[in-house]
Amino acid sequence: VTGVLIVVGVLSIALSGPTIDREHLPGGEYYALMLFALAGMILMAMATDLLVIFLALEVLSLAVYVLTGIRRDVPTATEAAFKYFLLGAFSSAFFLYGIAFAYGVAGSTRLDRIGSLMAAQAMSPTPLQLLAMALLMVGFAFKVSAVPFHMWTPDAYEGAPSSVTGFMSTGVKAAAFAAFARVFLSALEPLRGQWSDALQVIAIATMILGSVVGVAQSNVKRMLAYSSIAHAGYLLVALISANDVGKGAILFYLLSYAVANLGAFGVIGLLERADGTGDKIRDYAGLWYSRPGLAALMTIFLLSLGGFPPLAGFIGKWYVFTAAMKAGYNWLAIVGVLTSVISVFFYLRVV
């Protein structure tokens, strides 16, 4: 995952130049915040202690909140940062309570110790263990923008500068999924019977809402926000499958999704205008005649997000659904394939 995050960081910084010049953003602060966020992401992906995961989450979140609202004279950016900050603080409280209860149960915040204690009591989990698990799940579900904790996503993605949105939609998701997998597939693995049912419901709701509501969007950034919610659902399917294929699928899917999504936001960043226009779907009409290179790139990125063969997005989805079938979650794979078909409509509408 660290490799994926470094790729995300390098690409995000490379794509930031045009946005900084056009919006007259303070370059020093912008790059410093981006590197702070990246450091938080890498620490979060590597951590083996719940408190370190929480600290890394806060380092990454605070930097991203500021980056979201860095255009202080733009009302939508301020509103986006404010919503993201308030809801983020709310979810951090849930997450910290989850850590407190886990500590109360195990006497430690280290994942290996929590795992060994949970395994010893796996036959009859106590209410306190289930409460800790539920609160940690809420904290992670917010960060990966899973339904019903997704409300901040469309506003934050639309209000932030395009280069920041690309960074946020890929880096935060990759780091959060790495920590999510580590906590739930090692420390809370003994409680799998309890959490997998809840996560299945969340995954199905996330895939359906992300795909269906995405169809109604006229703004490309909001459309990609709902697409990002749907992709969180597919990643949750890989997490629930939790076999070796599922773990490999999470990594491959994160990488293919990160490159395609960053590329799409890079193109949006190049086409946006200083007055904040240029990100509606109708603004892309005739792009093939005016900027054929960008139009071709945008087509490839969108088709990869939609899962068209032979692009990487297709291989990622195939990998995820194979993992689900092998683990016996056939109906999760069926919902995933059907929602992928719906999402193809809004990617192709831009093309």
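Use the structure listed above.
Residues numbered from 1 in each chain as written. Predicted model: local features only at pLDDT ≥ 70, side-chain atom pairs only at ≥ 80, totals over all residues. Heavy atoms only, no water.

## Concerning the overall build of the protein chain
Part 1 of the argument: Of regular secondary structure, the protein chain possesses 15 helices and zero strands.
Part 2 of the argument: Relative to the compact-globule value of 20 Å for 351 residues, the protein chain shows a C-alpha radius of gyration of 20 Å, a close match.
Part 3 of the argument: Seen along its three principal axes, the alpha-carbon backbone of the protein chain occupies a region of about 65 × 40 × 30 Å.
Part 4 of the argument: Within the protein chain, the fraction of its 351 residues that count as buried is 57%.
Part 5 of the argument: In the protein chain, 76% of the contacts between residues at least 6 apart in sequence involve partners at least 24 apart. (Helix = DSSP H or I, 4+ residues; strand = E, 2+ residues; numbered from the N terminus. Rg over C-alpha atoms; globule rule 2.2 N^0.38 Å. Buried < 20%, exposed > 50% of the residue type's maximum accessible area, 1.4 Å probe, protein only. Contact = heavy atoms within 4.5 Å.)

## Thoughts on the pattern of salt bridges
Two side chains bearing opposite charge may form a pair once their charged atoms approach each other closely.
Part 1 of the argument: For the coordinates displayed, the defined rule picks out nine salt bridges.
Part 2 of the argument: Between Lys83 and Glu79 there is a salt bridge; the shortest N-O distance is 3.0 Å. With Lys83 and Glu79 both in helix H4 (residues 75-106) and four residues apart, the pair spans about one turn of that helix.
Part 3 of the argument: You can call Lys83 partly exposed: its relative accessible area is 30%.
Part 4 of the argument: Between Lys221 and Glu272 there is a salt bridge whose closest N-O contact spans 3.4 Å. Taken together, the residues span a long stretch of sequence, with Lys221 in helix H10 (residues 220-241) and Glu272 in the loop between helix H11 (244-271) and helix H12 (287-290) at a distance of 51 residues. The exposure classification of Lys221 matches that of Glu272, with both residues buried.
Part 5 of the argument: Sharing partners across several salt bridges, the network here consists of Arg22, Glu23, Arg71, Lys221 and Glu272. (Salt bridge = Lys/Arg side-chain N within 4 Å of Asp/Glu carboxyl O.)

## Points about empty space enclosed by the protein
Part 1 of the argument: Counted under the stated rule, the structure contains two cavities of 30 Å³ or more.
Part 2 of the argument: One number sums up the size of the largest cavity: a volume of about 50 Å³.
Part 3 of the argument: At the level of elements, H11, helix H13 (292-306) and helix H14 (312-326) are the ones that each hand at least two residues to the lining of the largest cavity.
Part 4 of the argument: Considering every element that reaches the lining of the largest cavity, the biggest residue donor is H11, with four residues.
Part 5 of the argument: Grouping the amino acids of the lining of the largest cavity by side-chain chemistry returns four nonpolar, four polar and one charged.
Part 6 of the argument: Of the volumes computed, that of the second largest cavity is approximately 30 Å³.
Part 7 of the argument: Among the secondary structure elements, those contributing two or more residues to the lining of the second largest cavity are helix H5 (111-120), helix H6 (127-143) and helix H8 (162-187).
Part 8 of the argument: Looking at the lining of the second largest cavity, the element that brings in the most residues is H5, giving three residues. (1 Å grid on protein atoms, 1.4 Å probe; cavity = no way out; pocket = protein on both sides within 12 Å on 5 of 7 lines; lining within 4 Å. Points joined across faces, edges and corners; volume = space filled by probe spheres on them. Nonpolar A, V, L, I, M, F, W, Y, C, P; charged D, E, K, R; others polar.)

No statement about biological role is implied by the geometric values presented.
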